[in-house]
Amino acid sequence: MYISLSGVLTFKAADALRDAASRIPLDRLLVETDCPFLAPAPHRGKRNEPAYVRLTAERLAEVRGVPPAEVERGDHRECPAGPAPARLNVPPARRRTSRGRRTAC
């Protein structure tokens with residue numbers, strides 16, 4: 001089972017979600033954009049973009065007290081949708097899922 005984390009992780013009132021994210025094994029977590037909704041801070045209220053997944057991943061790294069590269073490795077290792085997404089320092093490639101949604105995974 002995988003747990004997906006979206007931009008909500010970056011919201012000020014998401015303390016319970018951040019607590020859960022700190023306890024779940026990293027190899028069971030996926031970071032997603034949930035495009036076009038739930039853009040991470042500082043883009044909250046605007047259209048979400050796949051490039052913003054970096055902000056959520058960086059916040060997850062901060063919550064877990066690890067370098068962003070460790071979150072990146074954990075997220076890519078078990079990506080069920082196929083090849084690993086782009087690295088955190090560049091915008092991810094955009095693909096469409098079977099439902100027409102764009103995804104970085």
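Above this text is the structure in question.
Note that the coordinates shown come from a computational prediction; the quantities given were computed from them, not determined experimentally. (Residues numbered from 1 in each chain as written. Predicted model: local features only at pLDDT ≥ 70, side-chain atom pairs only at ≥ 80, totals over all residues. Heavy atoms only, no water.)

### A few points about the nonpolar core
Within the largest apolar cluster, 12 residues are counted, these being Leu 5, Leu 9, Ala 21, Leu 26, Leu 29, Val 31, Val 53, Ala 57, Leu 60, Ala 61, Val 66 and Val 71. When contributions to this core are tallied by element, the ones reaching two or more residues are β2 (29-31) and α2 (53-64). When residues of this core are assigned to their parent elements, the largest contribution, 4 residues, is made by α2. (Core = buried A, V, L, I, M, F, W, Y, C linked by side-chain atoms within 4.5 Å. Buried < 20%, exposed > 50% of the residue type's maximum accessible area, 1.4 Å probe, protein only. Helix = DSSP H or I, 4+ residues; strand = E, 2+ residues; numbered from the N terminus.)

### Topic: the packing of helix α1 (residues 15-23) against α2
Remark: α1 packs on α2, axes separated minimally by 9 Å, with the N-to-C direction vectors making an angle of 70 degrees. On the basis of their axis angle, the class for α1 and α2 is roughly perpendicular. On α2, the residues touching Arg 18, Ala 21, Ser 22 and Arg 23 of α1 are Arg 59, Leu 60, Val 63 and Arg 64. Its residues assigned to classes, the contact of α1 with α2 comprises 3 nonpolar, 1 polar and 4 charged. (Axes fitted to C-alpha atoms, helices over the stretch in contact; angles between N-to-C directions. Parallel < 35°, antiparallel > 145°, perpendicular 65-115°, else oblique. Contact = heavy atoms within 4.5 Å. Nonpolar A, V, L, I, M, F, W, Y, C, P; charged D, E, K, R; others polar.)

### Describing the pattern of salt bridges
Considering all chains together, one arrives at 5 salt bridges under this definition. A salt bridge links Arg 59 to Glu 62, with the nearest nitrogen and oxygen atoms 2.6 Å apart. Of the two residues, Arg 59 and Glu 62 are both situated in helix α2; the distance of 3 residues between them amounts to about one turn of the helix. Judged by relative accessible area, which is 23%, Arg 59 ranks as partly exposed. Take Glu 62: its relative accessible area is 56%, and that puts it in the exposed class. (Salt bridge = Lys/Arg side-chain N within 4 Å of Asp/Glu carboxyl O.)

### Describing α2
Over its 12 residues, α2 runs 17 Å from end to end, which matches the ideal 16 Å to within 8%, given 1.5 Å per residue. Within α2 the residues assigned to the buried category are Val 53, Leu 55, Thr 56, Ala 57, Leu 60 and Ala 61. Note on α2: the residue one or two positions beyond its end, Gly 65, has a positive phi of about 70 degrees. (Expected span 1.5 Å × (residues − 1).)

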